[in-house]
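So you can see what is in the structure, the chains are spelled out below.
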Amino acid sequence: LDVNSTSNFGDDVVFDGAGANITFDQSTDDLIFEDNAKAIFGGSGTTTDGLEVYHDGSNSFIHENGTGDLNLAMGSGSKIVVQSATNGNHIAEFAYEGAAKLFFNGSQKIETTSGGLNVTGITTISDRLQVTSGISTFYDTTQSSSATTGAVVLDGGLGVAKNVNIGGNLTVTGTTTLNGGTVTLGDADTDNVVFSA
């Protein structure tokens, strides 16, 4: 059938495949690709080299089968949203030239900003945390009254390769060993050194 002008199909249209059909259901306005029937964008003739969209009976796939990238683009003022249902909780948001956000059950947990990254909630790291440019400030001002309280609590030991400067009081429970160098107690003749033992 060679059609060189306008055509109108007023009912269902079925394209019979070797293993799966493609059907236009006129009553529901749906173009239905059966399992493993792919919508392919790109290539030439029967040679495919591009984007594939299909369902294999269990899972759905958007597959870039070419040599380039799979780009998800948006217009100014728009964002890409991944959500749990048609109108469900957001899982991820990607704003146009703006923040990328990750959610847990609709609650925002991670957001990229112009200055870096904001994390809301407890962050658990299963391996080492390596910070290359230093940590400037812990804004939690909780006062420490024991080894298990304060803005920073360490369950393990602490190794420090450089100087330690403490702006408040220092309480040490247990044996304290000072190896090498000079031990200076006080920096003025009005300071007191108290031994309680």
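Here the structure is shown first, and the text comes after it.
S.K.: Please clarify how the pattern of salt bridges should be interpreted in this entry.
M.R.: Side-chain pairing between opposite charges can occur once the charged atoms of the two side chains come close. As enumerated under the stated definition, the model contains two salt bridges in all. One salt bridge in this structure joins Glu52 and Lys38, with 3.3 Å as the shortest N-O distance. Within this pair, whereas Glu52 is found in strand S5 (residues 47–55), its partner Lys38 is found in the loop between strand S3 (30–33) and strand S4 (39–44), the two being separated by 14 residues in sequence. We note a salt bridge from Lys79 to Glu93, for which the minimum N-O separation is 3.4 Å.

S.K.: It is not clear to me how the sheet that holds S5 should be interpreted in this structure. Could you clarify?
M.R.: Each strand in a sheet pairs with another by means of backbone hydrogen bonds, the pair being arranged parallel or else antiparallel. The antiparallel open sheet is built from three strands, whose spatial order is S4-S5-S6. Each edge of the open sheet carries a strand with a single partner, namely S4 and strand S6 (60–64). The average angle at which neighbouring strand axes cross in this sheet is 10 degrees, direction not considered. Pairing geometry for S4 and S5, over five bridges, is antiparallel. Bridge pairing in S5 links Phe41 to Leu51.

S.K.: Explain the packing of aromatic side chains here, please?
M.R.: The relative placement of two aromatic rings is captured by the distance of their centres and the angle of their planes. If you walk through the whole model with that rule in mind, you get one aromatic pair. Between Tyr54 and Phe61 the ring centres are 5.1 Å apart and the planes differ by 15 degrees, which places this aromatic pair in the stacked class. By relative accessible area, Phe61 is classed as partly exposed at 31%. Across the ring face of Tyr54, the terminal group of Lys38 is positioned such that the distance to the ring centre comes to 4.7 Å.

S.K.: It is not clear to me how unusual backbone geometry should be interpreted in this structure. Could you clarify?
M.R.: Working note: non-glycine residues mostly have negative phi, and peptide bonds are mostly trans. The residue Asn36 is not glycine, and still its phi comes out positive at about 75 degrees. Counting through the fold element by element, Asn36 comes out in the loop between S3 and S4. Among the residues examined, Asn36 registers a relative accessible area of 48% and is labelled partly exposed. One non-glycine residue, Glu97, adopts positive backbone phi at about 50 degrees. Turning to its location among the elements, Glu97 is positioned in the loop between strand S8 (90–95) and strand S9 (100–104).

S.K.: Would you take a moment to explain the environment of Gly66 for this structure?
M.R.: Topologically, Gly66 is positioned in the loop between S6 and strand S7 (79–83). Those residues in contact with Gly66 that sit more than four places away from it in its chain are Asp49 and Gly50.

S.K.: Help me out: how do you make sense of the environment of Ser44 in this one?
M.R.: Inspection of the secondary structure assignment puts Ser44 in strand S4. Separated by 45 residues in sequence, Ser44 and Asn89 place their C-alpha atoms 40 Å apart.

S.K.: Any chance you could explain the pairing of S8 here in plain terms?
M.R.: Side chains on a regular strand alternate between the two faces of the sheet. Bridge count for S7 against S8 is five bridges, and the pairing is antiparallel. Note that in S8 the partner of Val81 across the bridge is Glu93. Linkage of S7 to S8, two consecutive antiparallel strands, is achieved through a turn of six residues. Direction of pairing for S8 relative to S9: antiparallel, over a ladder of three bridges. The residue bridging Ala92 from the neighbouring strand is Leu102, located in S9. Adjacent in sequence and paired antiparallel, S8 and S9 are bridged by four residues, among which Glu97 carries a positive phi angle near 50 degrees.

Definitions and cut-offs
- For every chain, the first residue of its written sequence is number 1, and the numbers climb from 1 along that sequence.
- pLDDT decides what is reported in this predicted model: residues at 70 or higher carry local features, side-chain atom pairs at 80 or more are listed and counted, and totals for whole chains, interfaces and linings draw on all residues regardless.
- To obtain the side-chain values, all non-hydrogen atoms of the structure were included, while hydrogens and water were left out.
- We define a salt bridge as a side-chain nitrogen of Lys or Arg found within 4 Å of a carboxyl oxygen belonging to Asp or Glu.
- Secondary structure follows DSSP: runs of H or I at least 4 residues long count as helices, runs of E at least 2 residues long count as strands, and numbering of each begins at the N terminus.
- Strands qualify as paired when DSSP identifies two bridges or more between them.
- Orientation is described by lines fitted to C-alpha atoms, with helices fitted over the stretch in contact, and by angles between N-to-C directions that extend from 0 to 180 degrees.
- Stacked, tilted and edge-to-face pairs are distinguished by plane angle, under 30 degrees for stacked and over 60 for edge-to-face with tilted covering the rest, among Phe, Tyr and Trp rings (Trp via its six-membered ring) whose centres lie within 6.5 Å.
- Burial classes: relative accessible area under 20% of the type maximum marks a residue as buried, over 50% as exposed, and values in between as partly exposed (1.4 Å probe, protein chains only).
- Any Lys NZ or Arg CZ found within 6 Å of a ring centre and within 35 degrees of that ring's normal is scored as a charge over the ring.
- Residues count as neighbours in contact if any of their non-hydrogen atoms are within 4.5 Å of one another.

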